[in-house]
Structure formats: C-alpha cells, structure tokens
Amino acid sequence: MSFEIPKTQHGCVFDKNNGPIVYKEIPVPVPKPSEILIHVLFSGVCHTDLHAWKGDWPLATKLPLVGGHEGAGVVVAKGSEVKNFELGDYAGIKWLNGSCMGCEFCMQGAEPNCAKADLSGYTHDGSFQEYATADAVQAPHIKKGTPLDAVAPVLCAGVTVYKALKTADLKAGQWVAISGAAGGLGSLAIQYAKAMGLRPLAIDGGEEKGKLCKELGAEVYVDFLKSKDIVKDVIAATDGGPHGVINVSVSEKAISQSTEYVRTLGKVVLVGLPAHSYCKSEVFSQVVKSVEIKGSYVGNREDTAEALDFFERGLVKSPFKVVGLSELPRVFKLMAEGKILGRYVLDTSK
Ligand code: 8ID
Ligand code: ZN
Ligand code: ZN
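Residues numbered from 1 in each chain as written. Chains lettered and ligands numbered in written order. Predicted model: local features only at pLDDT ≥ 70, side-chain atom pairs only at ≥ 80, totals over all residues. Heavy atoms only, no water.

Where an unreviewed UniProt entry is consulted, the chain appears under the name alcohol dehydrogenase, with the organism given as Eeniella nana. Word for word, the UniProt comment on the chain under Sequence similarities (unreviewed entry) is "Belongs to the zinc-containing alcohol dehydrogenase family." You can read under Cofactor (unreviewed entry) in the UniProt record for the chain the words "Zn(2+)". (UniProt positions renumbered as here; feature names shortened; annotations may be inferred.)

### Examining the pairing of strand β12 (residues 220-223)
Here strand β11 (residues 199-204) pairs with β12 via 4 bridges, running parallel. Along β12, the bridge assignment pairs L201 with V220. Handedness of the crossover joining β11 and β12 through helix α6 (residues 207-216) is recorded here as right-handed. (Pairing = 2+ DSSP bridges. Helix = DSSP H or I, 4+ residues; strand = E, 2+ residues; numbered from the N terminus. Right-handed = clockwise from strand over helix to strand, strands pointing away.)

### Details of the sheet that holds strand β14 (residues 267-270)
Taken in spatial order, the 6 strands of this open sheet run β12-β11-β10-β13-β14-β15, and their pairing is parallel. Looking at which strands have only one partner, the edges of the open sheet turn out to be β12 and β15 (292-295). Within the sheet, the average angular offset between the axes of one strand and its neighbour, ignoring direction, is 20°. Across 5 bridges, the pairing between strand β10 (residues 175-179) and β11 is parallel. Looking across to β11, one finds that A177 is bridged to L201. Where helix α4 (residues 157-168) meets the sheet, its contacts fall on β10, β13 (244-247), β14 and β15, and the angle it forms with β14 comes to roughly 150°. Against the sheet, helix α8 (residues 252-261) contacts β10, β11, β13, β14 and β15, and its axis sits at roughly 180° relative to β13. (Axes fitted to C-alpha atoms, helices over the stretch in contact; angles between N-to-C directions. Contact = heavy atoms within 4.5 Å.)

### Some remarks on the coordination of the zinc ion (ligand 3)
Within the protein, the zinc ion (ligand 3) binds to C100 (SG), C103 (SG), C106 (SG) and C114 (SG); these donor distances fall in the range 2.3 to 2.4 Å. Coordination at the zinc ion (ligand 3) is tetrahedral: its 4 donor atoms span angles of 104 to 116° at the metal. Sequence spacing among the residues donating to the zinc ion (ligand 3) works out to C-x2-C-x2-C-x7-C. When sorted by exposure, C106 lands in the same class as C114, which is buried. (Donors = N, O, S within 2.8 Å, 3.2 Å for Na, K, Ca; no water. Tetrahedral: all angles 85-135°; square planar, octahedral: opposite > 155°, others 65-115°. Buried < 20%, exposed > 50% of the residue type's maximum accessible area, 1.4 Å probe, protein only.)

### Thoughts on the site of ligand 1
Residues in close proximity to ligand 1 total 30 residues, the closest being H47, T48, D204, V298 and R343. Measuring from an oxygen atom of ligand 1, one finds a side-chain N or O atom of H47 at 2.7 Å. G183 places a polar main-chain atom, nitrogen or oxygen, 3.3 Å from an oxygen atom of ligand 1. With the chains in place, 91% of the 900 Å² that ligand 1 exposes on its own is no longer accessible. Of all elements in the fold, only α1 (47-54), α5 (184-195) and β11 reach the threshold of two or more residues within the shell around ligand 1. (Near = heavy atom within 4 Å. Polar contact = N/O pair within 3.5 Å; in protein donor to acceptor, adjacent residues only side chain to side chain. Areas by Shrake-Rupley, 256 points an atom, 1.4 Å probe, with all protein chains shown as cover.)

Structural data, given as structure tokens:
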C-alpha cells in the first residue's frame, strides 16, 4: 500500500499567543525515522487548545503553532525505524506525542510526567492540519472501521477522564461528582463512571447542560448557576458527600468547593487547569476527614488502549458536532463563553 502525499496542505496556524488564527496553506511535515505521518481526517477541540492559544499556562508553546491533540486518521508514511505501524493503519494524535522513555518516570509508565515530554499542539505541531507527525511508540492504534469523527474526543478527553477515575480509586456503587460535567471531558467522565459501576453526580450550569448530563447517565444534576449553596446541595444529594470528585471545570472556585463537599475519606482529583489557580483546602477539615487530593494528567499508553476499548465496545460516546477546520476561531469563541455541549470535532478537509 502506498499513498500519494502532497507537498502542501491546509492548517490553522497562529504566530503569537492570542494572535490571529489563520487557516492557510502550509507544508506537509516530513516524519523523522521514529515517526509516522498521519492523514488526520478529524480532530476534536479540547479546552487545552484554547489555553495553548491564549498562552495562559506557565509553560511556553512553540511558535508559530498548529494546535490540536485529538486527531484521528490514517497512517500514510513512516520513518525507517518504525516497526509497530503499517501504511493504511488507523492511528491517533494525542497530547503526549513523545517522551524520553529513559527517565525514572518513563520507566514506571508515567510517560506524561516526563520532563522531556513532547506535546501535540503545544511543543509539536498538532492535529489542526491535514497531515501531522507522531512518535510511533506513543501514537495510539485505532481499530480499522472505527468512525474517526466519533473516536477523536476519546484520544484526549476520554483517556484523561478514564485515567482520573482510575486515580480516584473508587468502588462500584460509590458516588463520584463530576464538576464541569457537560463539557468535553465531563460528558465522557459521566459515561466512564457509569460503565465502571459508579454513581455519577453532575455539576455544570444551565438547563440544557443538565438535560445532557441526565441523558448521559448522571443520577443527579446540580446547577451551579442556580444553586444557592453548592456544597450543601451536593452533600444532601449524596447522603454525606461523594466518595470521589473529578474536577474538569475551568474554575478555581469549583475546585476549592470540591474539597468541602467531598465525603470523609474521599478523594479529590484535579484535572481541569484554570490558569494562575490554587486549590484551597481548609487544613483542619482535610485532616479530620482524611481527604486525599491528587493530580491526574492525561494517561499512558495502557490507559489509552483501555479507554479506547470502552469506546469500541459501545460503552461511551462523546456527544459531538462536526464543523470545518477553518471554523476553529468560532469554536474557541463558543468554548470561552461556555456555550459548548460535549465536543466540537473539526473536519480537516474543510
Ligand atoms: O490531563 C489533564 N489534566 C487534562 C487533559 C485535558 C484537558 C486537562 N484538561 C483541562 C483543560 O485544559 C481545561 O482546563 O481540563 C479542562 C476542561 O477541558 P474541556 O472539558 O475540554 O473544557 P470544556 O469543554 O470547556 O468544559 C468545561 C466545563 O466546565 C464547566 C463549563 O460550563 C463547561 O461545561 N464549568 C465552568 I467553566 N465553571 C464551572 C463551575 N463553577 C463549571 N462547571 C461547574 N462549576
Ligand atoms: Zn486535551
Ligand atoms: Zn522520560
């Protein structure tokens, strides 16, 4: 099998953080010996891509940058050292494009925590283009025949929330609160939680988002725009507080609230990354309730394969809407205004 690879393609590029995002013709990248070249057909838009464009985290992006790290497509070329992909295979672009594979963290399978991590759509041009390169060791395999638009959100949102739920280490039948439940990560978190035997309580804002959370399997919905006392309402609905909390909102306040409503011996998992924020937890309560607060950062290769397996078996699906790649600026605007239900997925051919 061989593919004809054009010299140029369309992609969305910005030259400076917060600067114009231009949909234009750019060169097709050439894979290094250890990389594959993926013809990206669809890419999800994660809130992380918005942070990358704004440049609001204490980690610089490459510039100019092609963002995107939820890409799904077909392998059309490979470097001379690649042994685990054949041309024509389905593959994904995920956040962790590559890592050193030799440090103490990589050795434990905690590759996302590698200090030399290369990040798609951040330090490595990502999936907001028709052709993108990925380190073959880290690139996820996607089963042939999988719908590439529907699977794209699993590659970051799905993997991340699945790993966060594993990090929470809860037992079937226990309550888990998902804060930011109607967004890209949250809408998948509700379903993974349900599939793992947990009882999801969803927190987000507005009636439409509440309806979506209930449809996806949330037992209870708490509307942060309406509730006069979120901590009280969450504790009441779960008869003493949820055993775990997955924080996927982009709100410092919501994160600190989760340390208040979590149950005694409960686990608070931090996933959402509001800029310049702190998780405030009152020390006396945290000690006396013996609450654990843990960070969780995407997932490793095994987590990725497991998260994809839940999708392949039909246990989770992202509520998504497809628009053209050229519409990325509009999607960012909607995301910043909190107007997105689930995920927007970009069709890179338009
Ligand atoms: O590995 C990681 N830790 C990781 C991986 C991927 C994404 C972290 N993230 C981060 C992103 O960078 C971002 O900061 O997770 C956060 C959420 O990403 P997303 O799900 O892609 O964002 P979204 O689709 O915009 O959803 C956010 C939801 O939070 C709700 C919004 O209404 C929206 O539905 N929300 C907000 I903003 N404030 C809230 C509040 N106070 C709230 N929900 C409840 N209470
Ligand atoms: Zn992401
Ligand atoms: Zn490493």
